[in-house]
Amino acid sequence: MMVWWSVVAALCVLGGVLPQDPPTPVVIWHGMGDTCCYSFSMGRIKKLVEERIPGIYVRSLMIGSNIIADEENSYLGNVNEQVDEVCKNLANDTELQGGYHAMGFSQGGQFLRAVAQRCPEPAMHNLITFGAQHQGVFGLPNCSPDDLICEEVRRLLDMGAYINWIQNSLVQAQYWHDPLHDDDYRNKSIFLADINNEEVLNVDYRNNLKKLDNFVMVKFLADTMVVPVESEWFGFYTPGQDVQVLPLQQSQIYLEDRLGLKEMDEAGKLHFLTQDGNHLEFTDEWFLEEIVDKFVT
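Residues numbered from 1 in each chain as written. Predicted model: local features only at pLDDT ≥ 70, side-chain atom pairs only at ≥ 80, totals over all residues. Heavy atoms only, no water.

**Structural notes on the pattern of salt bridges**
Link 1 in the chain: One pass over the full model with this rule turns up 12 salt bridges.
Link 2 in the chain: Residues Lys-188 and Asp-184 are paired through a salt bridge, measuring 3.8 Å at the closest nitrogen-oxygen approach. Of this pair, Lys-188 and Asp-184 both sit in helix α8 (residues 182-188), separated by 4 residues, roughly a single helical turn.
Link 3 in the chain: Of the charged contacts in the structure, one is a salt bridge between Lys-210 and Glu-263, with a shortest N-O distance of 3.0 Å. Separated by 53 residues along the polypeptide, Lys-210 in helix α10 (residues 203-210) and Glu-263 in helix α12 (residues 261-266) bring together distant segments of the chain.
Link 4 in the chain: Residue Glu-263 is classed as partly exposed on the basis of its relative accessible area of 42%. (Salt bridge = Lys/Arg side-chain N within 4 Å of Asp/Glu carboxyl O. Helix = DSSP H or I, 4+ residues; strand = E, 2+ residues; numbered from the N terminus. Buried < 20%, exposed > 50% of the residue type's maximum accessible area, 1.4 Å probe, protein only.)

Now the structure itself:
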């Protein structure tokens, strides 16, 4: 597409017409139990964006070699390795070399934030997360008895999310945040505690995240999937209990500016949006008018 666009640009210049820049590409990462390409989920999101912005390049990430592996990898595997795989794939995608916007759905949101923090090239311009668990979860509700993988995930988390082999092989354990055992979380979480700069301050993470033009977080007010729902805006339980929830602005991550969120907030780069529905429930009209039109075009 970029080669084609260069040819068009050259012809337009020769004809005395200055072409507009091509639209900024979009990268999408799906959530738990989903895949890159189902027509009723990420395939639909991709189509909506493409119809709204003709000529845009949209890449919906597949983790693994096919959609079966992609769905399995949303439950099983090492998130750090998955993020590394995505970083390499994006760096090798010629369509993205001028930068891109990112949309992360549910756990795909914090995974794409890890991409922004760890892999600044190609540049991520706007990061939009929908129901993402930025401060993790302390509960895994809504597993259907028919979903055997989800039920097994719940069983293993109950067994012990910070047991080494579970932590290294179960995706949801890697953003499990137990406020009743805060030291275990900080010392044994191989993914979330790291990208949130909980124990060791990685200055590159902070500096890279601050390069975003906008960081948009959508919280679903009737969400029964994410516990606590405030995690979708970086809120979480006060350490030592699981009742009182501190909003982002009262958290140590914000007050110490461990991720640069305080500085970004003061610069107007943070956007806190809400939807009334359950997890990932929104209308096409809202998505196009409030997300695509404002943060993608």
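Still to come is the rest of the account.
**Quick notes on the state of the cysteines**
Link 1 in the chain: As enumerated under the stated definition, the model contains 2 disulfides in all.
Link 2 in the chain: For Cys-87, the disulfide goes to Cys-119, at an S-S distance of 2.0 Å. The sign of the S-S torsion, about 90°, decides the handedness of the disulfide formed by Cys-87 and Cys-119: right-handed. Highlighted residues: Cys-87 in helix α4 (residues 79-91) and Cys-119 in the loop between α5 (107-118) and β4 (124-130), separated in sequence by 32 residues. As far as the burial class goes, Cys-87 and Cys-119 line up, both buried. (Disulfide = S-S within 2.5 Å.)

**Things to note about the packing of helix α2 (residues 42-52) against helix α13 (residues 284-295)**
Link 1 in the chain: Two elements in contact, α2 and α13, have axes whose closest approach is 11 Å; the angle formed by their N-to-C orientations is 60°. Comparing the axis directions of α2 and α13 gives the class oblique. Relative to α13, α2 is oriented so that their crossing is right-handed. Across from Arg-44, Ile-45, Leu-48, Val-49 and Arg-52 in α2, the residues of α13 making contact are Asp-284, Phe-287, Leu-288, Glu-289, Val-292 and Asp-293.
Link 2 in the chain: In terms of residue class, the contact of α2 with α13 is made up of 6 nonpolar, no polar and 5 charged. (Axes fitted to C-alpha atoms, helices over the stretch in contact; angles between N-to-C directions. Parallel < 35°, antiparallel > 145°, perpendicular 65-115°, else oblique. Left-handed = near helix turned anticlockwise from the far one by under 90°. Contact = heavy atoms within 4.5 Å. Nonpolar A, V, L, I, M, F, W, Y, C, P; charged D, E, K, R; others polar.)

**Quick word on a nonpolar patch on the surface**
Link 1 in the chain: Taken together, the side chains of Met-159, Ile-163 and Trp-165 make up a nonpolar region of the molecular surface, amounting to roughly 290 Å² of accessible area.
Link 2 in the chain: Here Trp-165 is to be found in helix α7 (residues 164-169). (Patch = residues over 30% accessible without salt bridge, like charges linked within 9 Å, V, L, I, M, F, W, Y side chains within 5 Å. Areas by Shrake-Rupley, 256 points an atom, 1.4 Å probe, with all protein chains shown as cover.)

**A short note on the pairing of strand β5 (residues 214-220)**
Link 1 in the chain: In terms of burial, β5 is a largely internal element, 7 of the 7 residues being buried.
Link 2 in the chain: Alternating positions in β5 separate into two faces, Asn-214, Val-216, Val-218 and Phe-220 on one and Phe-215, Met-217 and Lys-219 on the other, with burial throughout.
Link 3 in the chain: As defined by bridge partners, β4 adjoins β5 across 5 bridges and the pair is classed as parallel. What sits directly across from Ile-128, in β5, is Val-216.
Link 4 in the chain: The sheet contact formed by β5 and strand β8 (residues 270-275) spans 6 bridges and is parallel. Paired with Val-216 across the two strands is His-271, which belongs to β8. (Pairing = 2+ DSSP bridges.)

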